[in-house]
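Working through the structure, step by step
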Number of protein chains: 2
Amino acid sequence: MAANSQFAVAVHILAMLAKSCEENVKSDCIAASVNTNAVVIRRLLCGLQQAKLVVSQTGANGGTRLARQPENINLLEVYRAALPHAEVFALHRQTPNQKCFIGKNISKVLENLQAEIDEAVEEKLLRYSLADVLESVERK
Amino acid sequence: MAANSQFAVAVHILAMLAKSCEENVKSDCIAASVNTNAVVIRRLLCGLQQAKLVVSQTGANGGTRLARQPENINLLEVYRAALPHAEVFALHRQTPNQKCFIGKNISKVLENLQAEIDEAVEEKLLRYSLADVLESVERK
DNA sequence: GTATTTGTAACTATTCTTGTTACAGTTATG
DNA sequence: CATAACTGTAACAAGAATAGTTACAAATAC
């Protein structure tokens, strides 16, 4: 799979914004730090903006800044903003054979399991704020 | 992404084997239930065999059966056997810019977070046995 | 008004998963 | 012991998702 690094990049972006306090940061600058193209960053910023985590400004001297204090942004919000359809594991690609007893009934069981696992992940993410991330980064 | 459904299929496979008790089940039969090609099933069975969850037998009248009772197979083993490199989220594709303070230090922080999240998932999976899955399937 | 910056579309490249064909090796069974 | 039935696996094609790139319209500070 082309492994999905959007959450990792989103956290990186937000850490940069957090470090720059109230100042507008340009997508070019973030792209240089992440080591990718500025459009990739702007795409992610779009999602973060819709989630009301950041505020962007077009035009000369524009850029992006945090919409809230790092203490008030938790990683679950970031996760959901970056990966709106995140799931720890995927269900069957083709629907199983409904004429087979297992095939007919396994999907519901897997769905329930999936929901429970996803919940465990989200619960864990909820415990961390962007401020925690920034603190960890600075401690190194 | 081509979403990875290998864990879901692995559980499906094992549920079929569990239901067939000690009898050899053929990859063709499993493939028909999963609604895919038999080679896809055999590939997964290979991993399950290496993890000592199943025993396969080549030749006429061959097939695969569980290596242990369903009560003694937990879903974490299945997860690891099906997805040896599973991670809930991926890290940066390109290493970040080491000249940038955030770029230089964010990876380690994300790695730690990743490890913690993965652990939460594994802990959850550990609580379920194949017998639990089979029971849920039958209860429907 | 001009330079700067975001937002976004459109397309390509990359990478991973799944599906398929083919065939060598193994084994039960008549 | 020949044959049919299976697994194991390689090799490749197809499919699907992410990431990278180019281009340009729209917005805005100065």
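This section reports on the structure supplied with the text. These numbers come from a predicted model, not from an experiment.

Here the structure, examined in full by the defined rule, presents one cavity of 30 Å³ or more. Considering only enclosed or pocket space, the largest cavity measures out at about 30 Å³ in volume. Counted by class, the lining of the largest cavity contains four nonpolar, no polar and two charged residues.

Superposition record for chain A on chain B: RMSD 0.0 Å, screw rotation 180 degrees, translation along axis 0.0 Å. Overall, the copies show the geometry of a two-fold rotation axis.

Take the layout of surface pockets next. Residue and element names in this part refer to chain B. The space that makes up the second largest pocket amounts to roughly 400 Å³. Along the wall of the second largest pocket there are 18 residues; nearest its centre are S5, Q6, V9, V40 and L44. Considering every element that reaches the lining of the second largest pocket, the biggest residue donor is helix 3 (residues 38-50), with four residues.

Bringing the nonpolar core into the picture now. One finds A:F7 and B:F7 to be the most contacted residues of the largest nonpolar core, which totals 92 residues. B:F7 has contacts with A:F89, A:L113, B:L75, B:V78, B:Y79, B:A82, B:L83 and B:L125, leaving out every residue within four places of it along the chain.

Conventions adopted
Residues numbered from 1 in each chain as written. Chains lettered and ligands numbered in written order. Predicted model: local features only at pLDDT ≥ 70, side-chain atom pairs only at ≥ 80, totals over all residues. Heavy atoms only, no water. 1 Å grid on protein atoms, 1.4 Å probe; cavity = no way out; pocket = protein on both sides within 12 Å on 5 of 7 lines; lining within 4 Å. Points joined across faces, edges and corners; volume = space filled by probe spheres on them. Nonpolar A, V, L, I, M, F, W, Y, C, P; charged D, E, K, R; others polar. Least-squares fit on C-alpha atoms with pLDDT ≥ 70 in both. Helix = DSSP H or I, 4+ residues; strand = E, 2+ residues; numbered from the N terminus. Core = buried A, V, L, I, M, F, W, Y, C linked by side-chain atoms within 4.5 Å. Buried < 20%, exposed > 50% of the residue type's maximum accessible area, 1.4 Å probe, protein only. Contact = heavy atoms within 4.5 Å.

Just distances and angles here, no functional claims.
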